Amino acid sequence: MEARLAQLTQREREVLRLVVEGVSSQMAANRLGTSVKTIDVHRARIKAKTGAESLGALVHDILTHRVVV
């Protein structure tokens, strides 16, 4: 799990932290001062880089293994 997350950029980790918190793309965009489209691109890259079936599955794995993002 940690090796998969190590592939993420700092910004992708920020977005992933918000995803784990359950923050919507709109709220994440507001918090990070960017557009919803940019957040959605980051979410797609997170999914691709980690090989996750879905972001929900990735969040489940993070919470189950108590991995710090």
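Scroll up a little and you will see the structure.
Computed from a prediction, not measured in an experiment: that's the story for all the values here.

> Please clarify how the environment of V23 should be interpreted in this entry.
Among the structural elements, V23 can be located in the loop between α2 (10-21) and α3 (25-32). Overall, V23 belongs to the buried group, its relative accessible area being 10%. For the pair formed by V23 and S35, sequence separation is twelve residues and the distance between their alpha carbons is 14 Å. Residues contacting V23, with those up to four places away along its chain left out, are L18, A28, R31 and R43.

> Quick question: what am I supposed to make of the side chain of T50 here?
Position of T50 among the secondary structure elements: in helix α4 (residues 36-50). With residues up to four places along the chain from it excluded, the contact list for T50 reads R4, L5, L8 and L58.

> Just checking my understanding: could you explain the pattern of salt bridges for this structure?
As a working rule, side chains carrying opposite charge can pair if their charged atoms are close by. Applying the stated criterion to the full structure yields four salt bridges. With a closest N to O distance of 3.9 Å, R4 and D61 form a salt bridge. With R4 in helix α1 (residues 2-5) and D61 in helix α5 (residues 55-64), the pair connects residues that are 57 residues apart, well separated along the chain. For R4, a relative accessible area of 29% translates into the label partly exposed. Taking the shortest distance from any N to any O, the salt bridge between E21 and R31 comes out at 3.3 Å. Of this pair, E21 sits in helix α2 while R31 sits in helix α3, and the two are ten residues apart along the sequence. Like R31, E21 is exposed.

Rules behind the numbers
Residues numbered from 1 in each chain as written. Predicted model: local features only at pLDDT ≥ 70, side-chain atom pairs only at ≥ 80, totals over all residues. Heavy atoms only, no water. Helix = DSSP H or I, 4+ residues; strand = E, 2+ residues; numbered from the N terminus. Buried < 20%, exposed > 50% of the residue type's maximum accessible area, 1.4 Å probe, protein only. Contact = heavy atoms within 4.5 Å. Salt bridge = Lys/Arg side-chain N within 4 Å of Asp/Glu carboxyl O.

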